[in-house]
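# Chains, contacts and geometry: an overview
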Amino acid sequence: MGKYIIKRILLMVPTFFAISLLIFVVMRLAPGKPGADLAAGGEATQDAQVGTQNEAYTLFKQQFSLDKPVLLNFRFLLGEDEVQETLSAAIDLSGETEPGLQIESKDILSDWGDFAVPGLINVLQTSEDPTMRSASSKWLASNARQRLLFLYDRDSTTEDRTADREREQHNQMISAWTFEEDATQQSVAAVTDSWANYYEVNQERWTYSTIEKLNTLFIDTQFSKYWSNLLRLDFGVSHLDKRPVLDKMMEKLSYSMVLSISTIFLIYLFSVPLGIWSAVNHNTISDRVMTIFLFILYSLPSFWVGAMLLNFLTRGTPFAVLPTSGFSSLDTSQMTTLAYMKDIAWHCILPIICMTYAGLAALSRYARTGLLDVIRSDYVRTARAKGVSEGIVIIKHAARNGMIPLLTLMATLLPALIGGSVVIEFIFGIPGIGQWMFQSIQLRDYNVVMAVLLISSVLTLIGMLLADLAYALVDPRISFE
Amino acid sequence: MTVTTKTELTDAEKRIDAVDDVTYGDIVWGQFKKNKVAYWSLWGVGTLFLLAIVAPIIASARPFVWTVESGTTYPWFSSLFDRNYYENGVDIFFNLLLVLGTPMFIGWMIWKKNLHKKIEKKRPRRRMVVLVATSLTTLLFGVFAGMLFHESMSLFPGWIILAGCFGLGVKVLAAKRQVVIGLLAGALLAIIFSPILKGTLFVGAILAIIGLTYKSRPIVIPVVALIGLLLGSIFHPVSQEYVVYSDAQSALEEAGEPVESIFPVVPYSFRGTGFNPLEGPTPEHIFGIDQSTRDVGVRVLFGTRISLTIGFIAVAIYVTLGIIIGASAGFYGGKVDLAVQRVIEVVMCIPSFFLILTVIALVGKPSIFMIMATIGLVRWTGVARLVRGEFLRLRNQDFVTAAQALGFPTSRIIFQHVLPNALGPVLVAAAFGVASAILLESSLAFLGLGDLSAPSWGQTLQEGYSSGAWHLILIPGFTIFFTVLLLNLVGEGVRDAMDPKMRK
């Protein structure tokens, strides 16, 4: 058994890796990108003809590694022709570039960062066109910048800060080396010379060894940056308020957990007796009525029930007996603990009803069929034959075995409830995981969405393992050896 | 109609026929029919489909006949394939079903009544299976063609593909020779609805008439009906402007001009605005008005099209995917199986609602087809697991070994020998899957992530939720509930019918 558990847990690691890879690819390949408002805001203030990306957006992208390729980084292979083409599209040299392509080209150029420097130098030295040369000088000034590594690091040492200060000086130096299209021959030559000189001196920055290439290929990507953070249990920060995702997750999870755990508790509290009752009264009128009722309950869409309850019980059309939305009242500081609990219960009654009834219907059907399966078996007949009372036969002999399917369902119920709670939390304004997830997707807060998807996947993985183990625990006929 | 029907059947063939007479499908169908609730639910679903198809006959803002001083026009007919009036590809597709389906149905009824016995002495059931399968394929292909060209349904390529599919369906309905006529009819369709080539219609029509007189077959009726329709639309070409005919009528009548018009029973379009917002049920609008001043009844009626399409197509996509992947894993076993199982595990672990929500929301403005494809691509794992399990069970049985010994190709063994025996659980999963796909689409629309050009039930419910108007909550919500209930009952019936323990 121990061996089996260890094997399963070890198998989880590659599965989790594959899950994260899949989610990552799906998310990053979807159209649209975070921080689009920043990008758009920059565009308006820029010189329309020749302009580099706006700095805030570039910084934002660097901070979240969004300037890197998703899975594999081939930028060390970047050819000079490619840079030249992209540059001419970015500055609309032909005058016929589509606006979308122009913006995209600017994006690509700024994403290339350091890797585009040799190509840009080439353009600067060889291009005949003054516009191209001027643009390449400007892009050089921004692409050759060195990143300040310790800007937001509170624990940085003096040496770190000195190094950063040197980088800052370097950036200031190169930022002066630009010229406009109509600049004099002299200044153009001066700038070109200083860039050529600069490139010569720092040649080793753009010659890559095999190890460096491999390093760039696999490590310098969004996915590996994300994973290296993940290994430290760092899910990144939310784009919105710059708070760590994990902290926020814990906060949201507490709301969702209150709902889902009480839901699971209620489901089991009612479905087991209901199932047993139905199975005992098998094929009677009351069983049929109950079955039909549960079936109807099962088919009721929860968002409809939620919207109806909300409209008819909370909004005063016709009743206003329950609070409309939220997890608790706005001001809870004056309340005693008991009053606070009551307040929460008062708010959660409707969402819990909505989440409970469908699961209740499904589970009591499972309980019914589970019990019906065993009630006809030999050992139950034996128990009856030896004179055990009917109640004891059902409760002690039959129900114990008949409820095994329910036990294993419990493990999968929790992740399912968290996943399914989006709509209910949306309706009742519960600030839980579901609503947070929904808002984050719409705002393209990648880190949050990734984290929620990953953690709910892990919960599912663990749930499946627990279900298998529970099977083996309660049913001695099943063994994994 | 071919040589075989005239010759005597050999003894061996007779024996095969006798075995064929009671198939597994017959037993299941017989069991299913015993379950009255499920049986009538199936009819209910059928009725919903019928409603979806004939929706424009019930409700449309375009009059069937429009007579003013300058002449008579038939705006309803030209609106059916007008992208300006029906914005959504799904609607165009259902209108196509209305136009093609009605004559084909009549033709089929006649064929069934008169010619069925003459043509189909041998193995009628197998023939039926082929018929149903091919019709479904035709439908699917039509939808895929619609997906490919849904932005430009009036363009030529989309119609050519649809025409091919139509020909395929016709091929099954009639003899092989008739495929020429079917394709011809399809080509005619392509010509009539492609504005550039409208001029060549007459040539096509003459060819079709020659083909028809050459050999009269049941296909005559649909083709004649089509030609009538095509001729009709040639004189009243598809209009490009959006005219509100009811307004035009009242304006003309005020000006004293005589107008004669025949409108459908409900003379509103599902996107026609201009009524009192959030007004409750009135005699003119028995289901009330929504927030954007549109008639709720018409929206719910046309929403049937959206929901049923989503439900059935999404399930068709993931059942197909699941069967292919699961069958290859189960049949080949070994490394293929291991790899497939890992992939299934990975996809299964991600909560599917979250994943679908993420994809749909990131795409931004999803179309109906996008939603169907996403559901299909995320939900195939369940079916794949079922099929894999069945294949593992079946692949070592004697009939498979026999087929292998006979030297049949693997694809034939998989699809013709093993797969039919493995389909039972898939059918049950599919029946419940349709209901859950419909629910999924409704909840996406409820969250505001649906196709905005489509009159989805969830979208109306969302308006009810945000505005608090009771009729906007009750009507679409009950429709969703009723549809889901019917489909669940059918699924339940199928499951019971498949279960040998339930047989008495």
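Calculation notes
Residues numbered from 1 in each chain as written. Chains lettered and ligands numbered in written order. Predicted model: local features only at pLDDT ≥ 70, side-chain atom pairs only at ≥ 80, totals over all residues. Helix = DSSP H or I, 4+ residues; strand = E, 2+ residues; numbered from the N terminus. Buried ≥ 20, exposed ≤ 12 C-beta atoms within 10 Å, placed from the backbone. Axes fitted to C-alpha atoms, helices over the stretch in contact; angles between N-to-C directions. Parallel < 35°, antiparallel > 145°, perpendicular 65-115°, else oblique. Left-handed = near helix turned anticlockwise from the far one by under 90°. Contact = placed C-beta atoms within 7 Å. Nonpolar A, V, L, I, M, F, W, Y, C, P; charged D, E, K, R; others polar. Pairing = 2+ DSSP bridges.

## A word on unusual backbone geometry
Even without glycine at this site, A:K242 takes up a positive phi of about 60°. Relative to the elements of secondary structure, A:K242 occurs in the loop between α11 (222-231) and α12 (245-280).

## Topic: the environment of A:R376
Residue and element names in this part refer to chain A. Within the fold, R376 resides in the loop between α15 (337-375) and α16 (378-385). Classification of R376 as exposed rests on a count of 10 C-beta atoms within 10 Å. Separated by 22 residues in sequence, R376 and A398 place their C-alpha atoms 9.3 Å apart.

## Focus on the packing of helix α19 (residues 410-446) of chain B against helix α20 (residues 457-467) of chain B
All names here are of chain B. Running from N to C, α19 and α20 cross one another at 40°; their axes reach a closest spacing of 7 Å. With respect to each other, α19 and α20 are oriented oblique. Handedness of the crossing formed by α19 with α20: right-handed. Across from E441, S442, S443, L444, A445 and F446 in α19, the residues of α20 making contact are W457, G458, Q459, L461 and Q462. Across the contact of α19 with α20, the residue classes tally to five nonpolar, five polar and one charged.

## A few points about the interface of chain B and chain A
Across the contact, 31 residues belong to chain B and 41 residues belong to chain A. Among the secondary structure elements, those contributing two or more residues to the side of chain B that touches chain A are α14 (334-349), α15 (352-363), α19, α20 and α21 (470-498) of chain B. For the side of chain B that touches chain A, the per-class residue count stands at 22 nonpolar, eight polar and one charged.

## So, the sheet that holds strand β1 (residues 65-68) of chain B
Residues and elements named next belong to chain B. One open sheet holds the three strands; their spatial order is β2-β1-β3, and the pairing between them is antiparallel. Strands with a single pairing partner mark the edges of an open sheet, and in this sheet they are β2 (71-73) and β3 (260-262). If you compare each strand with its neighbour and ignore which way they point, the axes differ by 10° on average. Pairing geometry for β1 and β2, over three bridges, is antiparallel. Across the sheet, residue W66 finds its bridge partner in β2, namely T73.

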